[in-house]
Amino acid sequence: MKLFRNLTVATALVAGLFASGSALADKLEDITSSGKIRVGVLLDAAPWGFKGADGKDTGLDIDLAKLLANDINAELELVPLTGQSRIPSLLADKIDVMIAALGATPERAQQVMFSQPYAAVSLGVYGAKGTPRVQDAADLAGKQVAVAKGSTLDIWLTDNAPDVKVVRFEDTPTAIAAYLAGQVEMFAENSAISVKVGEDNPDKATELVFLIRQSPAHIAVKQGEQNLLNWVNTFVFFNRLNGKLGDLQQTYFKEKQDLPNM
């Protein structure tokens, strides 16, 4: 009986060691061991991610994901996301890394970890060229502003501009389409998307009406994956130094950017 008890204790100890070993395994090790990486991206938010004229996935985030996979020596799987599904997909382990025009906020930082910024953009309300610029959200009272439902812009306008007529759409393309069709007076988005709207629709050139705030874009990993975050930060830093990140910015934003530090 004593021998049986000892064997039971020994078995439990071994099981505990295996369990703790599994707990210590991290996402970076998983990626390098498997040789595969799942990167969450947007495909409905040009110039970040969109379908090109040839039907292929393209955009700054898409090319950055390809560069990241190459540098980590892993096969890339692009996982299309929506604005609302970005963080939930990371938390549910449906993706390993997110490169999806994600801005950093204190609330989001409770759930994910942000890399150094890889692109510098601003958030604002945009309208037709010639629309007077305002300095206070209160000056937009009564204006119809299209937003993607649940987006940072939706939340900010709801909390800070109660007199604005926020018109919510399922995603960014639908909100932009409503603006272009004249269904709403303005739309709220980041500056890169606004520039792309103007480029694709020369007769509908857009202009900043109200600046909300600066909002650099960051790569995100799941909270606690410090080893993976360290590697991603090194990846961003290395490709800033060798000029590859600047070349991507120039391709999609038409200029190289001075990125803020975290």
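The model shown is predicted, which means the values in this text are computed figures rather than measured ones.

For the rest of this paragraph, the subject is the packing of aromatic side chains. Counted according to the given criterion, the structure contains six aromatic pairs. Ring plane angle 80 degrees and centroid distance 5.3 Å describe the contact between tryptophan 48 and phenylalanine 253, whose orientation is recorded as edge-to-face. With tryptophan 48 in the loop between strand S1 (36–42) and strand S2 (50–51) and phenylalanine 253 in helix H9 (residues 244–253), this residue pair connects regions lying 205 residues apart in the sequence. Per residue, the accessibility class of tryptophan 48 equals that of phenylalanine 253, and both read buried. Taking 6.0 Å as the distance between ring centres and 45 degrees as the angle between the ring planes, the aromatic pair formed by tryptophan 156 and phenylalanine 210 counts as tilted. Highlighted residues: tryptophan 156 in helix H5 (residues 152–160) and phenylalanine 210 in strand S11 (residues 206–214), separated in sequence by 54 residues. Given the relative accessible area of 6%, phenylalanine 210 is considered buried. In textbook terms, an aromatic cluster arises when at least three aromatic residues are bridged by ring pairs, as seen for Trp48, Tyr118 and Phe253.

Where burial is concerned, most of helix H7 (residues 191–200) is hidden: seven out of the ten residues are buried. Packing partners of the buried residues in H7 comprise S2, strand S7 (122–128), helix H6 (172–180), strand S10 (186–190), S11 and H9. At the N-terminal end of H7, a side-chain oxygen is found 3.1 Å from the backbone nitrogen of alanine 192, two or three residues along, and the residue is asparagine 190.

The next subject is the sheet that holds strand S9 (residues 165–169). Taken together, the five strands give an open sheet; going across it, the order is S9-S8-S10-S7-S11, and neighbouring strands pair in mixed fashion. Edge strands, defined here as strands with exactly one partner in the open sheet, are S9 and S11. Strand-to-strand twist across the sheet, computed as the mean angle between neighbouring axes with direction ignored, equals 30 degrees. Where strand S8 (residues 144–148) lies against S9, five bridges are found, and the strand directions are parallel. When the bridges of S9 are listed, valine 145 appears paired with valine 166. Strand contacts of H7: S7, S10 and S11, with the helix running at about 125 degrees to S10, the strand carrying the most contacts.

The subject of this paragraph is the pattern of salt bridges. Close approach of charged atoms allows side chains of opposite charge to pair. According to the stated counting rule, one finds nine salt bridges in the structure shown. For aspartate 93, the salt bridge is made with lysine 27, and the minimal N-O distance between the two is 2.7 Å. Here aspartate 93 is found in the loop between helix H4 (86–91) and strand S5 (97–103), whereas its partner lysine 27 is found in helix H2 (residues 27–34), with 66 residues between them in sequence. The class of aspartate 93 is partly exposed, set by a relative accessible area of 34%.

Turning to H5, a few remarks are in order. Thr152, Leu153, Asp154 and Leu157 are the residues of H5 that are buried. Those residues of H5 that are buried lie in contact with S7, S8, S9, S10 and S11.

Of all residues in the protein, 87% have pLDDT values of 70 or greater, and the mean over the chain is 88. The secondary-structure element of the protein with the lowest mean pLDDT is helix H1 (residues 2–24), recorded at 43, while helix H3 (residues 60–71) shows the highest, at 98.

Thresholds applied
- Residues numbered from 1 in each chain as written.
- Predicted model: local features only at pLDDT ≥ 70, side-chain atom pairs only at ≥ 80, totals over all residues.
- Heavy atoms only, no water.
- Phe/Tyr/Trp six-rings, centres within 6.5 Å; stacked < 30°, edge-to-face > 60°.
- Helix = DSSP H or I, 4+ residues; strand = E, 2+ residues; numbered from the N terminus.
- Buried < 20%, exposed > 50% of the residue type's maximum accessible area, 1.4 Å probe, protein only.
- Contact = heavy atoms within 4.5 Å.
- Polar contact = N/O pair within 3.5 Å; in protein donor to acceptor, adjacent residues only side chain to side chain.
- Pairing = 2+ DSSP bridges.
- Axes fitted to C-alpha atoms, helices over the stretch in contact; angles between N-to-C directions.
- Salt bridge = Lys/Arg side-chain N within 4 Å of Asp/Glu carboxyl O.
- pLDDT = per-residue confidence, 0-100.

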